[in-house]
Amino acid sequence: MLAGLLLAALAPPARADALDEVRARGALRYGSDMEGGGPYAFPDPDSPRSVAGFEVEIMDRLARELGAGVRAEFAQGQWDKLLWVLDSGRYDVVVNGYEWSPIRAEDYLATRPYYIYQLQLMGPKGTPARAWGDLKRPKPDGSPWTVAVLTASAADDFAHDENAGTTRVVRFDGATDAMMAVQNGQYDFTLQDGPAATYYGDEFPGLEAVGPPVSRGYYVVYARKSDPALRDALDAGIGRLAASGELRRILEKYGIWNDLQVGLATAFQGPIDAPPVRQADRGWKLVRHYGDRLRDAALVTLGLSFGAMPLAMAIGLAVALGRMYGPGPLRPALGAYVELIRGTPLMLQLYVLFFLLKLDPWVAGIAGLAINYSAYEAEIYRAGLQAVPRGQMEAALALGMSRSQALRRVIVPQAVRIVIPPVSNDFIALFKDTSVCSVVTLIELTKEYSILANSTRAVVEFATATAAIYLAMSLPLSWFARWSERRLGAEGAKGGLA
Amino acid sequence: MIEVEGLVKRFGAVEVLRGVDLSVGRGEVACLIGPSGSGKSTFLRCLNGLERFQGGRVAIGDAVLDAGQSPREHAKAARRACRRMGMVFQGFNLFVHQTVLQNVIEAPVHVLGMGRDEAVERARGLLDRVGMLHRLDARPRELSGGQQQRVAIARALAMGPEVMLFDEPTSALDPKMTAEVLGVMTDLARDGQTMIVVTHAMGFARKVATIVHVFGEGLIVESGPPDRIFDAPAHDATRSLLSEVQAA
Ligand SMILES: Nc1ncnc2c1ncn2[C@@H]1O[C@H](COP(=O)(O)OP(=O)(O)O)[C@@H](O)[C@H]1O
Ligand SMILES: [Mg+2]
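Summary of the structure given here. (Residues numbered from 1 in each chain as written. Chains lettered and ligands numbered in written order. Predicted model: local features only at pLDDT ≥ 70, side-chain atom pairs only at ≥ 80, totals over all residues. Heavy atoms only, no water.)

Digging into the packing of aromatic side chains
Residues and elements named next belong to chain A. Per the counting criterion, the structure on display carries 30 aromatic pairs over all chains. Taking 5.6 Å as the distance between ring centres and 45° as the angle between the ring planes, the aromatic pair formed by Tyr40 and Phe54 counts as tilted. Within this pair, whereas Tyr40 is found in the loop between β1 (27-32) and β2 (42-43), its partner Phe54 is found in helix α3 (residues 54-66), the two being separated by 14 residues in sequence. Considered together, Tyr40 and Phe54 belong to a single accessibility category, that of buried residues. Here Tyr117 and Tyr219 contribute two aromatic rings whose centre-to-centre distance is 4.7 Å and whose plane-to-plane angle is 15°, an arrangement assigned as stacked. (Phe/Tyr/Trp six-rings, centres within 6.5 Å; stacked < 30°, edge-to-face > 60°. Helix = DSSP H or I, 4+ residues; strand = E, 2+ residues; numbered from the N terminus. Buried < 20%, exposed > 50% of the residue type's maximum accessible area, 1.4 Å probe, protein only.)

Dropping the structure here:
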């Protein structure tokens, strides 16, 4: 999000068309995301440190069309941010299953298509549904059909537009994540770009294609507005590859050639015409227009944070007490728990809860955050417990309290006071970490920002609004932390005489 | 009422108590004196079970601590012993998150299960006795050391202990506060409270003790009425201890 702001602020300097640069450099750099997977661009199984994919091969051929000795260079980026990075000039074009859309065509130059895709509905083997149209009738039990899609993809848009009130769209960060969740039985269907459905069909034997493909769109290469010569050269190159049959050979190699692709050579004489400039809303109006979505996403962030943090604090306290006062064998076990949880990324933990244990997204999200943070809270509590002078425990025991009573009545209440400031700090961090929950399909504030900024291109406005919402949520916590720290300082954590 | 037989305590290889025998009768005020490091604190902590020990036994009524007990048995016996003994520490150890009143009613309410009103009533009486009734709602950090120690005495008394253990209760205090605290202890002794007092305040020992035990290197080297110990010490260790105190 900040990146968006920065990139927008550092407008690219005026300069000559990138085509000259590419030729001088001898390399055409294209932005793509390997995480999107096959058949587009993915780690080459035969040589895992390089990339394979039909787009990679197309770009290799296209680069040569730009001049003798020009090579194509793959540049890794995050899929939904590829165009922003294009603005920054780190690479020359974007190629990664990016469909032609009027909104993008307003801000970028597109070539003619190198692929004509359709969307394929996939469901568990033996599903009674036979076509997308079947989803427009209510599910027998009255609940909506759930359709898993890749966030901000053409399938996402299509599923929303074609929703007859009988479907619920669930957004995933990866195409294969959506397929896995459907194969797991967590959702009813997934709607996928045809090439991905074809390519991964074998890897998900529990899934089958449902009905004929729907919709239609074009994968194109995007260049900056300032580089018309580069775009024209690439566009002509695609035309030549299509006419010579070379394009067909590459697509066949990846098993994604079909009759529709005949149109690549016959139906296009150049770039797809840009639409008349629409009088669509821009800027701050958009923020107001989508305000409700930002608010809902902020509520998801709040729900995750306030659901997870109390749990994390409770688990953390229990772990810390167990490690310090529990029976012998429990101590190393809890120590191992802390190290395991702290030593592995939150995202992996969420994957386990969601895809392996198949928990509901909210349960997985809250449990994942709570477990992850519990390890950090446990260490904070441990320090807090150790900071309580020994004499406090001895005085409690000397008064006839049991150990557990002494912990409950004397030690823990003092430790809690000591840890309030660091725990509040962690709470603020947790607010922002909730963004990882987009991997379990929860659209919280950061994800919603990303979706809206991408689909509307009002990057700066949405980034500002999102940052403001985060601040509004975390400032009260900061104030509380600072206030409690001051109070604690006044109360004197140690008191008396140690 | 307290019988200690052959108490042996080791920290690792170091033998800190080397077979201490001691008995304290009802109403007695036993003062323990001895050089620093001779094992006086450790001895008191063994009496109420804060420390386990490796040999001997301690009996106070039906609470019996024995070197042969399992950790679990020891913890149970220690709790019984703690019900019968109150302890006052050199560092006061008031619960810093509670007010004066809360400190004093904490154990009666949560250990004895006494009703809150009754506990408050008793706490007021005890705090009056130690001259702290006017600071009921103060936090420990707002009190002087002498005031904290007097509250700590009231807190221990609130459990109605048969015996009060004092571990150098005035060592952290200046002379004026020392006098306050010793005054309270003198009153207690006069009221017939059984007490075991580890102290360097020889004036107090001479005036209040019924018997003085001299510790040296993990043993009681000499015992007797205060006048005899202070005026005609029989043991070298006692003589050098007394000359040190006089020099100080
Ligand atoms: N927890 C402990 N671990 C190891 N040694 C200890 C511990 N507590 C006391 N000691 C040692 O035991 C000896 C007696 O200590 P203590 O009972 O405090 O003596 P006193 O109260 O007479 O000054 C000292 O040498 C001291 O260093
Ligand atoms: Mg001592």
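Quick word on the sheet that holds strand β9 (residues 211-216) of chain B
Residue and element names in this part refer to chain B. Pairing in this open sheet of 6 strands is mixed, and the strands run β6-β7-β8-β3-β9-β10 from one edge to the other. The sheet is open, and its two borders are formed by β6 (85-88) and β10 (219-224), each paired with just one other strand. The average undirected angle you get between the axes of adjacent strands in this sheet is 20°. As paired strands, β6 and strand β7 (residues 163-167) are joined by 4 bridges and run parallel to one another. Opposite Gly86, over in β7, you have Met164 as the bridge partner. (Pairing = 2+ DSSP bridges. Axes fitted to C-alpha atoms, helices over the stretch in contact; angles between N-to-C directions.)

Looking at the site of ligand 1
All names here are of chain B. As a structural note, the neighbourhood of ligand 1 is formed by Phe11, Val16, Pro35, Ser36, Gly37, Ser38, Gly39, Lys40, Ser41 and Thr42. One nitrogen or oxygen atom from the main chain of Gly37 is found 2.7 Å from an oxygen atom belonging to ligand 1. In this structure, Ser41 approaches ligand 1 through a side-chain N or O atom, which is 2.7 Å from an oxygen atom. For ligand 1, whose accessible area on its own is 560 Å², the fraction buried by protein is 57%. Of the residues forming the shell around ligand 1, the biggest block, 3 residues, is contributed by helix α1 (residues 40-47). Tallied by class, residues from the shell around ligand 1 come to 3 nonpolar, 6 polar and 1 charged. (Near = heavy atom within 4 Å. Polar contact = N/O pair within 3.5 Å; in protein donor to acceptor, adjacent residues only side chain to side chain. Areas by Shrake-Rupley, 256 points an atom, 1.4 Å probe, with all protein chains shown as cover. Nonpolar A, V, L, I, M, F, W, Y, C, P; charged D, E, K, R; others polar.)

Considering the pairing of strand β5 (residues 63-66) of chain B
Residue and element names in this part refer to chain B. Only one face of β5 is buried: it carries Ala63 and Leu65, and the other face, with Val64 and Asp66, is open. The sheet contact formed by strand β4 (residues 55-60) and β5 spans 4 bridges and is antiparallel. Bridge pairing in β5 links Ala59 to Val64. Hairpin connection, β4 to β5: the antiparallel pair is bridged by 2 residues, and Gly61 has positive phi, about 55°.

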